[in-house]
Amino acid sequence: MLANGCPVELASGLVHLPQVLLEPMKMVNALTPILQQAPLRHMQTRRGFKLSAAMSNCGALGWVSDRLGYRYQTYDPETGKPWPEMPVMFSKVAVELAARAGYAHFWPDVCLINCYAVGAKMALHQDADEQDFSQPIVSLSFGLPVLFLWGGLQRSDPVQKIVLDHSDALVWGGSSRLNFHGVASLRKGNHPLLGEQRINLTFRRAC
Ligand code: MD6
Ligand code: FE
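Here's a quick rundown of the structure. (Residues numbered from 1 in each chain as written. Chains lettered and ligands numbered in written order. Predicted model: local features only at pLDDT ≥ 70, side-chain atom pairs only at ≥ 80, totals over all residues. Heavy atoms only, no water.)

### Overview of the coordination of the iron ion (ligand 2)
Donor atoms from the polypeptide that coordinate the iron ion (ligand 2) comprise His125 (NE2), Asp127 (OD) and His181 (NE2), at 2.1 to 2.3 Å from the metal. Donor residues binding the iron ion (ligand 2) come from one chain and are separated in sequence as H-x1-D-x53-H. Taken together, the residues span a long stretch of sequence, with aspartate 127 in the loop between β7 (122-125) and β8 (137-143) and histidine 181 in strand β12 (residues 181-183) at a distance of 54 residues. Note on histidine 181: relative accessible area 4%, which makes it buried. (Donors = N, O, S within 2.8 Å, 3.2 Å for Na, K, Ca; no water. Helix = DSSP H or I, 4+ residues; strand = E, 2+ residues; numbered from the N terminus. Buried < 20%, exposed > 50% of the residue type's maximum accessible area, 1.4 Å probe, protein only.)

Shown next as structure tokens:
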């Protein structure tokens, strides 16, 4: 499932695995039935703004945002139904990526699906809604390249820019598990397989 290649530690606890999937489109294609059951949507923030990335989830839990704030819940607020199951292939890939990055006991219960059109971005934030911060986060990117912004423990800390390309993974945890991060506005382009978009999957252990 995974290519041989060297994980690169870009910062303390932040591991980049470039071009790590042997068959990235297998994962992308597995999203089709998931997104039929739980369509992509632009969630609201507590303040009433819409997130520019369109989102959905699969797994026992899903990440949601609305006027009440952020949380994980077992069902899709749009349909009232449980989130679609996480494909076994997804959890296997995520577990294997975490292990390669040095996290041996990871098992995801959430796969958050982020879809960016040209111009969409994600402001600096911390991933802090999970219960156990000893568990890492595993992120996979597909389609157009983007600049990933990697900050520090304070919002005002300097930001490092990392290019995430089709079929790249990023794993982080440990002492940097709560670092601020985000993505820059997606630049115009046309990916040969995915067109004018970027898809990001982030695997987490929420509970
Ligand atoms: C993105 N990702 O890459 C946004 N969070 O589209 C995230 O916010 C993120 O990629 C935690 C871990 C990995 C991530
Ligand atoms: Fe995040």
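### Notes on the sheet that holds strand β9 (residues 146-150)
Judged by pairing direction, the sheet is antiparallel, and its four strands sit side by side in the order β7-β12-β9-β10 without closing on themselves. If you trace the sheet from one side to the other, it starts and ends with β7 and β10 (160-164), each paired once. Mean inter-strand twist for the sheet, computed between neighbouring axes without regard to direction, equals 20 degrees. Note: β7 against β12, two bridges, orientation antiparallel. Its bridge partner lying in β12, methionine 122 is registered against valine 183. (Pairing = 2+ DSSP bridges. Axes fitted to C-alpha atoms, helices over the stretch in contact; angles between N-to-C directions.)

### Points about the layout of surface pockets
By volume, the largest pocket amounts to about 720 Å³. Lining the largest pocket are 35 residues; nearest its centre among them are Trp63, Tyr70, Met122, Ala123 and His125. Broken down by secondary-structure element, the contributors of at least two residues to the lining of the largest pocket are β6 (110-117), β7, β8, β12 and β13 (197-204). Taken together, the residues of the lining of the largest pocket break down into 18 nonpolar, 10 polar and seven charged. (1 Å grid on protein atoms, 1.4 Å probe; cavity = no way out; pocket = protein on both sides within 12 Å on 5 of 7 lines; lining within 4 Å. Points joined across faces, edges and corners; volume = space filled by probe spheres on them. Nonpolar A, V, L, I, M, F, W, Y, C, P; charged D, E, K, R; others polar.)

### Details of the site of ligand 1
Taken together, 14 residues sit near ligand 1, with Tyr116, Asp127, Trp172, His181 and Arg198 positioned nearest. Protein coverage of the free-state accessible area of ligand 1, which is 330 Å², stands at 99%. With respect to the pocket detection grid, ligand 1 is positioned in the largest pocket. Elements that contribute at least two residues to the shell around ligand 1 include exactly β7, β8, β12 and β13. When residues in the shell around ligand 1 are grouped by element, the largest group, four residues, is from β13. Grouping the constituent residues of the shell around ligand 1 by class yields six nonpolar, five polar and three charged. (Near = heavy atom within 4 Å. Areas by Shrake-Rupley, 256 points an atom, 1.4 Å probe, with all protein chains shown as cover. Sits in = over half its atoms within 2 Å of the grid points.)

### What about the packing of aromatic side chains?
Counting across every chain of the model gives four aromatic pairs. Considering the side-chain rings of phenylalanine 90 and phenylalanine 203, the 6.1 Å spacing of their centres and the 85 degrees angle between planes classify their relative orientation as edge-to-face. Taken as a pair, phenylalanine 90 in helix α2 (residues 88-100) and phenylalanine 203 in strand β13 lie far apart in primary sequence, 113 residues in all. A single burial state applies to phenylalanine 90 and to phenylalanine 203, both of which are buried. (Phe/Tyr/Trp six-rings, centres within 6.5 Å; stacked < 30°, edge-to-face > 60°.)

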